Amino acid sequence: MAELAREAGITVRTVRFYRERGLIRPPRREGRIAWYDDGHLARLRTIAALLERGHTLNGIADLAATIETGRDVGEVLGLGADFEETPVRLSPEELADHFEGEVTPANLAAALDLGYLATDGTDIVHVSRRLLDVSTALVREGVPLAAVLEAGRSVRVHTDALAAIFAEVLRDHTPGTDPAKLRPLAQSVVAAEVSLALDRHLRTDPPTP
């Protein structure tokens with residue numbers, strides 16, 4: 001256990017705690033000797049990466065149990081198998097840290113209505129790490145969270161329309177191609193068009209001589 005902890009960059013106490021929580025499987029035993037292997041080390045590094053991305057230990061435990069039982073990870077968070085975004089589990093305190101002073105009942109209701117947030121026991125699940133990071137950055141730049149959510153509601157209307165256009169094009173012209181292969185192409189077109197549109201709308205007029 002001491003060697004495993006050293007390789008993972010954590011303490012023996014933390015390894016023992018993860019074992020008790022069921023986050024790593026029991027070691028192989030030979031008499032009084034407990035053997036940990038590369039699989040244990042890989043799991044510890046995965047746990048560290050998930051914690052770094054904002055997941056809680058409860059959420060990681062759910063994911064670990066899902067992997068062990070062969071269930072789809074999306075089942076844990078109520079998402080479809082083709083879901084591309086990375087959900088984030090947060091405690092109410094962690095959510096408040098992201099949006100200091102902005103977590104009001106009205107904003108929570110709006111976020112739940114949009115599907116950005118869901119509840120799972122005492123945890124809150126944000127549907128997308130990218131959206132969470134962008135929303136946090138906007139609020140810290142001085143944009144009220146209510147305005148961010150209202151903009152998200154408006155953007156949702158247009159993105160649904162864009163997705164419908166590309167879904168129809170892909171169904172009509174590439175029926176035998178895996179949609180997962182073509183999806184990034186559609187996303188790139190939308191990203192480029194949004195970038196060009198922002199250039200047009202944010203460009204300042206030249207001063208009048």
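Since we're looking at a predicted model, the values are computed, not measured.

S.K.: Looking at this model, I keep getting lost on the overall build of the protein chain. Mind explaining?
M.R.: On a plain count of helices and strands, the protein chain comes out with ten helices and five strands. When each of the 209 residues of the protein chain is scored for burial, the buried share is 27%. Of the contacts formed within the protein chain by residues at least 6 apart in sequence, a portion of 58% connects residues at least 24 apart. Looking at the protein chain as shown, the accessible area adds up to about 14,100 Å², and 57% of this sits on carbon and sulfur atoms.

S.K.: Quick question: what am I supposed to make of the pairing of strand β5 (residues 123–126) here?
M.R.: Residues Asp123 and Val125 of β5 are buried on one face, and the alternating residues Ile124 and His126, pointing to the opposite face, are buried as well. Across three bridges, strand β3 (residues 88–90) lies against β5 in antiparallel orientation. When the bridges of β5 are listed, valine 88 appears paired with histidine 126.

S.K.: Please explain the nonpolar core as it appears in this structure.
M.R.: A general tendency of soluble globular proteins is for nonpolar side chains to be buried together. Counting 16 residues, the largest nonpolar core has Leu95, Phe99, Tyr116, Leu145 and Leu149 as its most contacted members. For this core, the secondary structure elements donating two or more residues are β3, α7 (105–114), α8 (129–140) and α9 (145–173). Once you skip the residues sitting within four places of it in the chain, leucine 145 turns out to touch Phe99, Glu102, Asn107 and Val139. In terms of nonpolar packing, the next biggest core, distinct from the first, is built from twelve residues, Val15, Ile24, Leu44 and Ala61 among them.

S.K.: What exactly am I supposed to notice about the packing of α9 against helix α10 (residues 179–202) here?
M.R.: Two packed helices can be described by the angle between their axes and the distance between those axes. In contact at an axis separation of 11 Å, α9 and α10 are set at 140° when each is read in the N-to-C sense. Judged on the interaxial angle alone, α10 and α9 are oblique. Here α9 runs over α10; the crossing is right-handed. Contacts between α9 and α10 involve Leu162, Phe166 and Leu170 from the former and Leu182, Ala186, Val189 and Val190 from the latter.

S.K.: Could you clarify how one ought to interpret a negative patch on the surface in this entry?
M.R.: Residues Glu93, Glu94, Asp97 and Glu100 make up a contiguous surface patch of negative charge. Its place among the elements puts glutamate 100 in the loop between α6 (92–98) and α7. Its relative accessible area of 72% is what places glutamate 100 among the exposed residues.

S.K.: What is the right way to look at the pattern of salt bridges in this model?
M.R.: When their charged atoms lie close together, side chains carrying opposite charge are able to pair. Under the counting rule described, the total for this entry stands at four salt bridges. Taking the shortest distance from any N to any O, the salt bridge between arginine 129 and aspartate 133 comes out at 3.1 Å. One end of the pair is arginine 129 and the other is aspartate 133, both in helix α8 and four residues apart, which spans about a single turn. Among the residues examined, arginine 129 registers a relative accessible area of 15% and is labelled buried. The partly exposed category is assigned to aspartate 133, whose relative accessible area is 38%.

Definitions and cut-offs
- Residues numbered from 1 in each chain as written.
- Predicted model: local features only at pLDDT ≥ 70, side-chain atom pairs only at ≥ 80, totals over all residues.
- Heavy atoms only, no water.
- Helix = DSSP H or I, 4+ residues; strand = E, 2+ residues; numbered from the N terminus.
- Buried < 20%, exposed > 50% of the residue type's maximum accessible area, 1.4 Å probe, protein only.
- Contact = heavy atoms within 4.5 Å.
- Areas by Shrake-Rupley, 256 points an atom, 1.4 Å probe, with all protein chains shown as cover.
- Pairing = 2+ DSSP bridges.
- Core = buried A, V, L, I, M, F, W, Y, C linked by side-chain atoms within 4.5 Å.
- Axes fitted to C-alpha atoms, helices over the stretch in contact; angles between N-to-C directions.
- Parallel < 35°, antiparallel > 145°, perpendicular 65-115°, else oblique.
- Left-handed = near helix turned anticlockwise from the far one by under 90°.
- Patch = residues over 30% accessible without salt bridge, like charges linked within 9 Å, V, L, I, M, F, W, Y side chains within 5 Å.
- Salt bridge = Lys/Arg side-chain N within 4 Å of Asp/Glu carboxyl O.
- Lys, Arg positive; Asp, Glu negative; His and termini not counted.
- Charge placed at Lys NZ, Arg CZ, Asp CG, Glu CD.

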